[in-house]
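# Working through the structure, step by step
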Amino acid sequence: MQNADSVMSLKAKPTYIFEAQALFCKNVHSAGAAFLLAVIPICTMNVLRKIGITANSQASSSQQHEPHFESSEKVSMKIGYISADFGVPVFGFKGASIHVREMVNAFRKGGHDLHIVSPAMHAGKGDEKNSNMGESGYDTIPPEARALFDLSHDVSNGAQNPGDVQFLSVLTNPSHLALFKELDALDKLRGQKSRIKQELRNLLYNLTLYDAALAYLSEKRVDFIYERYSLFSMAGIRVAKALNVPHLLEVNAPLAYEQQKMRGLEMKELARATENEIFLETDRVFVVSRELKDFVVSCGVAVEHIEVLPNSVDPARFTGRTHSEAIREKYRLGEKCVIGFVGSLKPWHGTDTLLQAFRRVHAENPHTHLLIVGDGPARDELQAYTEKNALSGAVT
């Protein structure tokens, strides 16, 4: 656990606002390797047992001691799950959305009750680009959306008596939406688009999220907060401190670096400073690879505060009868050795590297075939590469 002297404490909401404003003003002058398809980390419950968070750990508001971890073999807990990423619709079908649901359901299979808090409580729009400003979401969860969390047909261990799941949609403050419209007008006047609107959206959302999540999770008396890391999102840690419960952070990518490289980043210094602050203040960091662990360590986090929990699959989803023969016949694969990729064709998924590697493999092993299932902005580029390198007959 972080030493009390090494982290920023929050005694009251005004302190948090002033800290955020000071950090923003200090860095605003700078304005101007993610995973493929993430699904359930099947060792979730083993990690919980290892950490040993006790149930009913929420302290009274008068207590200001650090959250503590104790050994416990089997407990049923109330968990606040925060995903503050506007580009990850809770009921969507992109990889990150599926990961949110699978992670929540994994906790539920352990008998734990989940309370999901998000600005994207919907099924996504279009290709689910990170363009949603948090202006809308489900007021009442429709049956088809709630069905995505239905475990009644799941035969895996723990699915027979799962914990409950509840949802809190926290939308963007209307006054902030008005500001974003002004920034749109400014972009049109300049004749050039920037990312400043999305970055300010994330920063200002901390204030809205803090108020809503603190009131809701305090009423639910959660035992700890589990947060999926998103760029500039500081409110989850502040809520955990205010409730005096542990905060666990799931990190799937070095987001400040990824954002700058893949989409562009206006407030680079602020993004990096905030990222470091978040990593240092959380009680435990969960990363999906050793490389990410090294990155978090480079930000000053002690090794003993980091857990490597690789992306995995829920084997129960793949126990049914397969139709490989029909697929082989449909795509004329015969007895070839098939290498498969399933996911969106986004630059950060590295499908260009996959094709380059496959070209070398196929040159030495002509019986191989690459089957790519998905679509996205990189499709035309990948198609051109296969044609240029005479791989059209070996890649579908």
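Throughout this document, residue positions are counted from 1 along each chain, in the order its sequence is written. Only residues with pLDDT of at least 70 get local features here, since the model is predicted, and only at 80 or more are side-chain atom pairs given and counted; chain-wide, interface and lining totals rely on the full set of residues. Note that water and hydrogens are dropped before the side-chain values are worked out from all heavy atoms of the structure.

### Looking at the pairing of strand β5 (residues 247–251)
What counts is decided by this rule: Partly exposed describes any residue whose relative accessible area lies between the buried limit of under 20% and the exposed limit of over 50%, with all areas from a 1.4 Å probe on protein chains only and scaled to the type maximum. What counts as a helix is a DSSP run of H or I of at least four residues, what counts as a strand is a run of E of at least two, and both are numbered from the N terminus. Only strands joined by at least two bridges in the DSSP assignment are considered to pair.
The buried fraction of β5 is high, at five of five residues. Residues H247, L249 and V251 of β5 are buried on one face, and the alternating residues L248 and E250, pointing to the opposite face, are buried as well. Where strand β4 (residues 224–228) meets β5, four bridges bridge the pair, whose relative direction is parallel. Residue pairing across strands places R228 opposite E250, the latter belonging to β5. Where β5 and strand β6 (residues 284–287) come together, four bridges link them in parallel fashion.

### Focus: the pattern of salt bridges
The cut-off we apply is this: When a carboxyl oxygen of Asp or Glu lies within 4 Å of a side-chain nitrogen of Lys or Arg, that pair is called a salt bridge.
Counted according to the given criterion, the structure contains seven salt bridges. Ionic pairing is found between R238 and E281, a salt bridge with its closest N-O pair at 2.8 Å. Residue R238 is located in helix α7 (residues 235–243), and its partner E281 is located in helix α9 (residues 268–281); the two are separated by 43 residues in the primary sequence. Each of the two residues, R238 as well as E281, counts as buried. R379 is the salt-bridge partner of D375, the closest N and O atoms lying 3.8 Å from each other. We classify R379 as partly exposed; its relative accessible area is 42%. Here the residues in one salt-bridge network are R238, E277 and E281, joined through shared partners.

### So, the sheet that holds β6
Going by this rule: Fitting a line to C-alpha atoms yields each axis, with helices limited to the stretch in contact; the angle taken between N-to-C directions then spans 0 to 180 degrees. Residues are treated as being in contact if the distance between any of their heavy atoms lies within 4.5 Å.
Taken together, the seven strands give an open sheet; going across it, the order is β3-β2-β1-β4-β5-β6-β7, and neighbouring strands pair in parallel fashion. In this open sheet, the two edge strands, each paired with only one partner strand, are β3 (165–169) and β7 (306–308). Across the sheet, the mean angle from the axis of one strand to that of its neighbour is 20°, orientation sign disregarded. Sheet analysis places β6 next to β7, joined by three bridges and oriented parallel. Bridge assignment links V285 to a residue of β7, and that residue is I306. In the packing of helix α10 (residues 290–298) onto the sheet, contacts are made with β5, β6 and β7, and the angle to β7 comes to roughly 170°.

### Observations regarding the nonpolar core
As a rule of thumb, nonpolar side chains are buried together in soluble globular proteins. Cut-off, in case you're wondering: What is meant by a nonpolar core is a set of buried Ala, Val, Leu, Ile, Met, Phe, Trp, Tyr and Cys residues, joined one to another through side-chain atoms within 4.5 Å.
Among the nonpolar cores identified, the biggest contains 31 residues, and Y229, L231, V251 and F279 are the most heavily contacted of them. Going through the elements one at a time, α5 (174–190), α6 (196–220), β5, α8 (255–262), α9, β6 and α10 are the ones with two or more residues in this core. Top element by residues in this core is α9. It accounts for four residues. Counting 24 residues, the second largest nonpolar core, distinct from the first, contains M77, V90, Y226 and F286.

### Re unusual backbone geometry
Here R332, not a glycine, exhibits a phi torsion of approximately 55°, which is positive. With respect to the secondary-structure elements, R332 resides in the loop between α11 (324–330) and β8 (337–342). Classification of R332 by relative accessible area gives exposed; the value is 76%. Positioned with a positive phi, A390 is a non-glycine residue whose angle comes to about 55°.

### Overview of the pairing of β8
As a reminder, the rule being used: Orient the strands so they point away from the viewer, and a crossover whose first-strand-to-second-strand path over the helix runs clockwise is right-handed.
Bridge count between β8 and strand β9 (residues 368–373): six bridges; the pairing is parallel. Pairing of C337 across the sheet is with T368, part of β9. For the handedness criterion, the β-α-β arrangement of β8, helix α12 (residues 351–364) and β9 is classed as right-handed.

### Here's the deal with the side chain of S194
Going by this rule: Any pair of N or O atoms that falls within 3.5 Å is considered a polar contact. Within protein, one atom must be able to donate a hydrogen and the other to accept it, and sequence-neighbouring residues count only if both atoms are side-chain atoms.
The residue S194 is located in the loop between α5 and α6 in this model. Assessed through its relative accessible area of 18%, S194 is described here as buried. At 3.3 Å, the side chain of S194 and the backbone nitrogen of I196 are in polar contact. Residues contacting S194, with those up to four places away along its chain left out, are D187 and E266.

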